[in-house]
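Listed here are the chains, written in short residue letters.
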Amino acid sequence: MFLKKLVVAIDGPAGAGKSTVAKLAAKELGYTYIDTGAMYRAVAWKTLQRKADVTDALILGVVKDIDVRLAYKDGVTQVFVDGQEITGEIRTPEVSHIVSQVAALGPVREKMVDLQRQMATEGGVLMDGRDIATHVLPNADVKIFLTASIEERAQRRWKEMKEKGYDMSLEELQKDIAARDKADSEREISPLVQADDATLLDTTGLSIDEVVARILAMCSEAGR
Ligand code: DC
């Protein structure tokens, strides 16, 4: 293992496989995996509990006093909102549908980014999201921009949703992912963009193991 406890940032669009490979790489390294998308999903989930039209004002009201916590144990990330565990509830199509609107709002991002930075202070973390290398952890030791073709990303998400029992059409899912890519890349605050000093890793056609091996090689290089 490396002497230094590295800070590893992985950014990329929806369905690029960030969480799958980040979890495996974190396990190999004995690091903590921090899924920042889960935090924005947690805010979206709580907003939906209000059972009202999802307006920016509603979201801002929700984020004001929300308590979002991630617990990482035995390779599994648990998500808590105001003390209630909602790990499974944040992966529904309803949450996915509104999460980009939630994540575009400044006060939401400020609160989540503060929490994310606190979680990374000790090092030994692998954090994934959209703005980790560019904004949350600009001094990260390793910066990776993970992507894949939209077709492959939609296919991966479709399989994942099917395993969870959701019957969505591949076409519908691809449209949803394309809309999220657009919203996340074009928003004003901390848009999804590859950092100048990040390494591009296109996972189209690569196996999970191949991607993990490349990430570990980059960490090994940086940890020397
Ligand atoms: O990775 P994910 O699909 O669970 O992310 C959910 C949404 O949260 C995604 O549409 C973009 C947003 N997000 C963000 O804006 N910044 C991050 N660091 C992580 C996620």
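Coordinates for the structure precede this section.
Residues numbered from 1 in each chain as written. Predicted model: local features only at pLDDT ≥ 70, side-chain atom pairs only at ≥ 80, totals over all residues. Heavy atoms only, no water.

Caption draft 1: Fine view of the site of the ligand. Near the ligand, the surroundings consist of 16 residues, among which R41, R109, D131, R180 and R187 are the closest. With respect to the ligand, the side chain of D131 contributes an N or O atom lying 2.9 Å from a nitrogen atom. Separating an oxygen atom of the ligand from a side-chain N or O atom of R187 is a distance of 2.8 Å. Look at the ligand: alone it shows 450 Å² of surface, and the protein chains cover 97% of it. Counting residues per element, the ones that place at least two in the shell around the ligand are helix 2 (36-49), helix 4 (93-103) and helix 8 (170-186). The element best represented in the shell around the ligand is helix 2, accounting for four residues. Here the residues of the shell around the ligand sort into four nonpolar, four polar and eight charged. (Near = heavy atom within 4 Å. Polar contact = N/O pair within 3.5 Å; in protein donor to acceptor, adjacent residues only side chain to side chain. Areas by Shrake-Rupley, 256 points an atom, 1.4 Å probe, with all protein chains shown as cover. Helix = DSSP H or I, 4+ residues; strand = E, 2+ residues; numbered from the N terminus. Nonpolar A, V, L, I, M, F, W, Y, C, P; charged D, E, K, R; others polar.)

Caption draft 2: Broad picture of the packing of aromatic side chains. Taken as a whole, this structure holds one aromatic pair when the rule is applied. Ring centres 6.2 Å apart and planes at 75 degrees place the aromatic pair Y33 and Y72 in the edge-to-face group. Residue Y33 is found in strand 2 (residues 32-35), and its partner Y72 is found in strand 3 (residues 68-73); the two are separated by 39 residues along the sequence. Among the residues examined, Y72 registers a relative accessible area of 23% and is labelled partly exposed. (Phe/Tyr/Trp six-rings, centres within 6.5 Å; stacked < 30°, edge-to-face > 60°. Buried < 20%, exposed > 50% of the residue type's maximum accessible area, 1.4 Å probe, protein only.)

Caption draft 3: Local environment of the environment of A133. Mapped onto the secondary structure, A133 falls in helix 6 (residues 132-136). Assessed through its relative accessible area of 4%, A133 is described here as buried. Not counting residues up to four positions away in its chain, the partners in contact with A133 are A9, D11, P138, K143 and A195. (Contact = heavy atoms within 4.5 Å.)

Caption draft 4: Molecular detail of helix 7 (residues 150-163). With 14 residues, helix 7 should reach 20 Å at 1.5 Å per residue; the first-to-last C-alpha distance of 20 Å fits that figure. Inspection of helix 7 places R153, A154 and M161 among the buried residues, and these make up the whole buried set. Axial view of helix 7: buried residues confined to an arc of 95 degrees, hence all on one face. Projecting away from the buried face of helix 7 at angles above 90 degrees are the exposed residues K162 and E163. Looking at the buried residues of helix 7, the elements they touch are helix 4 and helix 8. In the segment just after helix 7, G165 is the residue with positive phi, at about 95 degrees. (Expected span 1.5 Å × (residues − 1). Arc of directions from axis to C-beta.)

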